[in-house]
Structure formats: structure tokens, C-alpha cells
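Per-entry structural report
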Amino acid sequence: ETGVTQTPRHLVMGMTNKKSLKCEQHLGHNAMYWYKQSAKKPLELMFVYSLEERVENNSVPSRFSPECPNSSHLFLHLHTLQPEDSALYLCASSQESGGSPLHFGNGTRLTVT
Amino acid sequence: EDKVVQSPLSLVVHEGDTVTLNCSYEVTNFRSLLWYKQEKKAPTFLFMLTSSGIEKKSGRLSSILDKKELFSILNITATQTGDSAVYLCAVEDNYGQNFVFGPGTRLSVLP
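My aim in this report is to walk through the structure given alongside it, one point at a time. For clarity, every value in this text was computed on a predicted model and none was experimentally measured.

Some words on the overall build of chain B
For chain B, the helix and strand inventory stands at zero helices and eleven strands. Start at the N end of chain B and walk to the C end: the helices and strands fall as β-β-β-β-β-β-β-β-β-β-β. Taken over the C-alpha atoms alone, chain B extends approximately 45 × 30 × 20 Å along its principal axes. Of all 111 residues assigned to chain B, the portion counted as buried reaches 49%. The contacts of chain B with a sequence gap of at least 6 include a subset with a gap of at least 24, amounting to 55%. Accessible area for chain B stands at about 5300 Å²; split by element, carbon and sulfur atoms hold 50% of it. Within chain B, the 12 negative side-chain charges are centred at a point lying 5 Å from the centre of the 11 positive side-chain charges.

Written out as C-alpha cells, the structure is:
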């Protein structure tokens, strides 16, 4: 158990579907992140929430929509995805005051058909 | 733009060997450098380095940072098959919440 829980573990969806990824952290952290990990590419930061406000949005297409209802929960809503969006989506948390490493969940393996 | 380069990208060794993984970086306002181990899914935290020349050690793993030359190394002595993983290096900038990752080094330890 990593302290950061992601569901589902695996997701297969068609390009016209709408689905959501869920992340929950039990570490008392106040910053949460979504990263995308594609084959043979470095981890790419998608979104950062600090104290429940979005502070980073790295030019992510609008078909990805994050939501952070409180400091323990983070969602990534997906709609009309493309096959190239297939990847491992990792959630992480940290303490915003700095000097705190990222703690990752096990990720959701997403396949878009 | 912040950048992290790791070398080698892959490495195959035999049990008992010692390996050195390299990480160099460019970041506007450096705060820390981190090492992670990723086996199947979640990257697990190994070390956070903020000061030059101070070695951090955990069992057979150790790491050191050189802020003048902008690089870090991760050493693993007496490698075991369980050390097989991708080792990720990341830098955090001083604005906070901005962690940039390198491509990783895939280490395979053969029995």
C-alpha cells in the first residue's frame, strides 16, 4: 500500500466514451498531481493542485479535465480520447511547503481503442 | 526550459557487480534532486538531495549531488536481481510543485 490509491488499475475505452480516473491520498499532503507515462518517454506533468487550487496545467488537451474536490481526492475526467492517449496515468501527492518528495500511486493503465 | 538527462538509458549487469547511474540537469531555480525506483507501477522514493557533496546512503544504495557541475550519481553496490528496475531522476525547482523527470535508466541484474 503506497498511501496513494488509484482506481481503476486498468481501463479500456473507446474514443467516444467518457470515463474518470480517481486518486485518493492518505498522507495528509496538500498538493496533488497527475502525470502521464508513455512508452520510451519521460514522465510528463499534466496538472498540479495545491491547496485544492490548480497551479499548473502543462498545455494538456481539453479532453482531459481535472477535478480536486478536497486535498485528499483528485479526479481526471476523460472524454473523446485518441489512441495516442493510451499510457500509464500516475497520481502523486506531496506537502506544498517544500522539501517533500512526491509519493506516487500505482497508476491507471489506460488503453484507448 | 528545465531538463534532466540520464545515462546510460539501459544497463545489464550480473549479480554482485557495482553500478553507477548518472543524472545531469538544467533548472532555472534549483531546489532539490530526487531519485526513484520504478519496478512495475508506482515509482518509489529513494533519495532527496539538496546540498552538494553530502552523500546519502541506504543499504547498498548511495547518492551524491554536485550543484556546481549540475549532476548527481546513484551507486548500487553488490547488485541483486531485485535491483532490476527503472531508476528515475527528477529535479524540483524553487517555485515548488514543479518536478521534471528524466527518461530513466533501465537496470537489469542477471543471476
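Let's pick the thread back up.
Remarks on the packing of aromatic side chains
What describes a pair of aromatic rings is the distance from one ring centre to the other and the angle between the planes of the rings. Applying the stated criterion across every chain, the model contains ten aromatic pairs over all chains. Look at A:Tyr33 and B:Phe99: their rings are 5.9 Å apart centre to centre, the planes differ by 75°, and that puts the pair in the edge-to-face class. Here A:Tyr33 is found in strand β4 (residues 31–37), whereas its partner B:Phe99 is found in strand β10 (residues 99–101) on a different chain. For the pair formed by A:Tyr33 and B:Phe99, the shared burial category is buried. Between the aromatic rings of B:Tyr36 and B:Phe101, the centroid separation amounts to 5.9 Å while the plane-to-plane angle is 45°, which identifies the pairing as tilted. Placement of the pair is B:Tyr36 in strand β4 (residues 30–38) and B:Phe101 in strand β10, with a sequence separation of 65 residues. Comparing B:Tyr36 with B:Phe101 shows no difference in burial state: the two are buried. Linked through ring pairs, A:Tyr33, A:Tyr35, A:Phe104, B:Tyr36, B:Phe45, B:Phe99 and B:Phe101 together constitute an aromatic cluster.

Here's the deal with the interface of chain A and chain B
If you look at the interface, chain A gives 24 residues, while chain B gives 16 residues. At the boundary of chain A with chain B, total buried surface from both sides reaches about 1600 Å², with 61% on carbon and sulfur atoms. Across the chain A-chain B interface, the total number found is zero salt bridges. Looking at the side of chain A that touches chain B, the elements that each hand over two or more residues are β4, β5 (44–50) and β9 (87–94) of chain A. Here the side of chain A that touches chain B gets four residues from one element, more than from any other, and that element is β4(A). Broken down by class, the residue content of the side of chain A that touches chain B amounts to 13 nonpolar, ten polar and one charged.

As for the state of the cysteines
Note on terminology: a disulfide is the covalent bond linking the sulfur atoms of two cysteines. All names here are of chain A. Counting across every chain of the model gives two disulfides over all chains. Between the sulfur of Cys23 and that of Cys91 lies a disulfide, 1.9 Å long from S to S. Judged by the sign of its S-S torsion, about -75°, the cystine formed by Cys23 and Cys91 is left-handed. One end of the pair, Cys23, is in strand β3 (residues 18–25); the other, Cys91, is in strand β9, with 68 residues separating them in the sequence. Assigned by exposure class, Cys23 and Cys91 land together as buried.

Side note on the nonpolar core
Ranked by size, the top nonpolar core spans 23 residues in total, and within it B:Tyr25, B:Leu33, B:Trp35 and B:Val91 carry the most contacts. Elements with a contribution of two residues or more to this core: β3 (19–26), β4, β5 (44–49), β7 (61–66), β8 (71–76), β9 (85–93) and β11 (105–110) of chain B. A:Leu11, A:Leu21, A:Phe64 and A:Leu110 belong to the second largest nonpolar core, which has 22 residues in total.

The rules we used
Residues numbered from 1 in each chain as written. Chains lettered and ligands numbered in written order. Predicted model: local features only at pLDDT ≥ 70, side-chain atom pairs only at ≥ 80, totals over all residues. Heavy atoms only, no water. Helix = DSSP H or I, 4+ residues; strand = E, 2+ residues; numbered from the N terminus. Buried < 20%, exposed > 50% of the residue type's maximum accessible area, 1.4 Å probe, protein only. Contact = heavy atoms within 4.5 Å. Areas by Shrake-Rupley, 256 points an atom, 1.4 Å probe, with all protein chains shown as cover. Lys, Arg positive; Asp, Glu negative; His and termini not counted. Charge placed at Lys NZ, Arg CZ, Asp CG, Glu CD. Phe/Tyr/Trp six-rings, centres within 6.5 Å; stacked < 30°, edge-to-face > 60°. Buried area = accessible area lost by both parts, 1.4 Å probe. Salt bridge = Lys/Arg side-chain N within 4 Å of Asp/Glu carboxyl O. Nonpolar A, V, L, I, M, F, W, Y, C, P; charged D, E, K, R; others polar. Disulfide = S-S within 2.5 Å. Core = buried A, V, L, I, M, F, W, Y, C linked by side-chain atoms within 4.5 Å.

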